[in-house]
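The lines below spell out each chain.
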Amino acid sequence: MRVIYSDQHTGHDPQQFILRGRMKRSNEQPERATLLLEAARSQGHEIVAPGDHGAGPRAAVHTPQYLRFLETAWERWQQLEGASEEVMPNIHPFPGQPCTYPDSVVGQAGYHMGDMASSIGRHTWHAAVWSAHAATHAAQLVLDGERVAYALCRPPGHHAFADRASGFTYLNNTAIAAQQLRQRHQRVAILDVDVHHGNGTQGIFWRRKDVLTVSLHGDPRCSYPFFTGHAHEIGEGEGLGYNLNLPLAPGTGDGGFLAALATANATIRAFAPGALVVALGLDAYEGDPYKTLAVTTSGFGRILAEVARLGLPTVLVQEGGYLCEDLGANLASALAGFERVA
Ligand SMILES: [Zn+2]
């Protein structure tokens, strides 16, 4: 299958990340994409560079205010006396309390950055823009008739809301691909198999019935993003009934994951979408640094084979999956699993 990849991400190498109160280098490192690319190449997949699809696709799912912040935050931050190399938030608005949009970049950082895992460096905006171009490009190929295309996106996207970065993500590539597919298809489904709940994607489509959002993930009672991903979140307004969360107990392996996937796929079939976007995280792996679930390398092949059986034009969008010995093998297994059926 075609693999859409741009090397424009390499300058984005976030150094600051707070985990359990300790500052460490981010887990979301450029080497992730290098490993994934090599795995795809060694499997014989065709590597394609994305075109510049302009500002339209990202503006279709994010607010103008947020995009302005992301584009300008780093330069404005550098003008602060004693500022760090990377933009990090240190104050947040309180839910339910009055909130005036701040002029200060410090206030805006707290407004638009949901956690300490989405720092903004000199090259972050550029990398996020090209990652979104890769997702748009893959969606365009599928609109033009390809059965499947894989966007090797870095940085990932599924924790980015319409106006908020979080969890290593800035622009929601999965949502951007889905919105692109809406140009031709009345209904589009998103299936998120990353080990973390696709909270940003859920947020973007929360009140919409034209895009079904389904997410399988580690139970948020004990893992990121904690506040969302629960089974009782089913959408609101017109979107009521068009969001499905399937939280999985810690340590769930291939069998439990595939059982939940059968429920997800039944819901997608009932929705009868014209196309599908898969938020393809590989961090449900048993050897991933997050160690939340216990999917095996061959399990990813079985998961993607079940996804391919839906028979839909499909955009695969890379989400999480962190440095470990088998990261490349897990991608290779996933892509081969899809192609076995498609
Ligand atoms: Zn993840």
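Above this text sits the structure in question.
Residues numbered from 1 in each chain as written. Predicted model: local features only at pLDDT ≥ 70, side-chain atom pairs only at ≥ 80, totals over all residues. Heavy atoms only, no water.

Description of the packing of helix 5 (residues 124–143) against helix 6 (residues 173–181)
So, point 1. The interhelical angle for the contact between helix 5 and helix 6, taken along N-to-C directions, is 30 degrees, at an axis separation of 8 Å. One element, helix 5, and the other, helix 6, form an angle in the roughly parallel class. The interaxial crossing formed by helix 5 with helix 6 has right-handed handedness. Contacts between helix 5 and helix 6 involve Ser131, Ala132, Ala135, Thr136, Ala139, Gln140, Val142 and Leu143 from the first element and Asn173, Ile176, Ala177, Gln180 and Leu181 from the second.
So, point 2. The residue makeup of the contact of helix 5 with helix 6, split by class, is 8 nonpolar, 5 polar and no charged. (Axes fitted to C-alpha atoms, helices over the stretch in contact; angles between N-to-C directions. Helix = DSSP H or I, 4+ residues; strand = E, 2+ residues; numbered from the N terminus. Parallel < 35°, antiparallel > 145°, perpendicular 65-115°, else oblique. Left-handed = near helix turned anticlockwise from the far one by under 90°. Contact = heavy atoms within 4.5 Å. Nonpolar A, V, L, I, M, F, W, Y, C, P; charged D, E, K, R; others polar.)

Focus on the side chain of aspartate 192
So, point 1. When you line up the elements, aspartate 192 lands in strand 6 (residues 188–192).
So, point 2. Although aspartate 192 lies buried, it forms no salt bridge, and the closest oppositely charged side chain, arginine 32, sits 12 Å away as judged by the N-O distance.
So, point 3. Side chain to side chain, aspartate 192 and histidine 158 meet in a polar contact 2.7 Å long.
So, point 4. Beyond its immediate sequence surroundings of up to four residues, aspartate 192 is in contact with His158, Gly198, Val214, Ser215, Leu216 and Ala279. (Buried < 20%, exposed > 50% of the residue type's maximum accessible area, 1.4 Å probe, protein only. Lys, Arg positive; Asp, Glu negative; His and termini not counted. Salt bridge = Lys/Arg side-chain N within 4 Å of Asp/Glu carboxyl O. Polar contact = N/O pair within 3.5 Å; in protein donor to acceptor, adjacent residues only side chain to side chain.)

Considering the coordination of the zinc ion
So, point 1. Only Asp194 (OD), His196 (ND1) and Asp283 (OD) from the protein coordinate the zinc ion, and they sit 2.0 to 2.1 Å from it.
So, point 2. Donor residues binding the zinc ion come from one chain and are separated in sequence as D-x1-H-x86-D. One end of the pair, aspartate 194, is in the loop between strand 6 and helix 7 (199–205); the other, aspartate 283, is in the loop between strand 9 (275–280) and helix 9 (297–308), and 89 residues separate them in sequence. By the burial criterion, aspartate 194 is buried, and aspartate 283 matches it. (Donors = N, O, S within 2.8 Å, 3.2 Å for Na, K, Ca; no water.)

A word on unusual backbone geometry
So, point 1. Here the amide bond leading from arginine 154 into proline 155 is cis, since omega sits at 0 degrees, within 30 degrees of zero.
So, point 2. Looking at where proline 155 falls in the secondary structure, it is placed in the loop between strand 5 (148–151) and helix 6.
So, point 3. In the segment running from tyrosine 224 into proline 225, the intervening peptide bond is cis, with an omega of 5 degrees.
So, point 4. With respect to the secondary-structure elements, proline 225 resides in the loop between strand 7 (211–218) and strand 8 (243–248).
So, point 5. If you check the backbone angles, phenylalanine 226 has positive phi at about 60 degrees while not being a glycine.
So, point 6. Inspection of the secondary structure puts phenylalanine 226 in the loop between strand 7 and strand 8.
So, point 7. Note on phenylalanine 226: relative accessible area 44%, which makes it partly exposed.
So, point 8. Of note, alanine 272 is a non-glycine position whose phi angle comes to about 55 degrees, a positive value.
So, point 9. Relative to the helices and strands, alanine 272 is located in the loop between helix 8 (254–271) and strand 9.
So, point 10. Taking the relative accessible area as the measure of exposure, alanine 272 reaches 40% and is therefore partly exposed.

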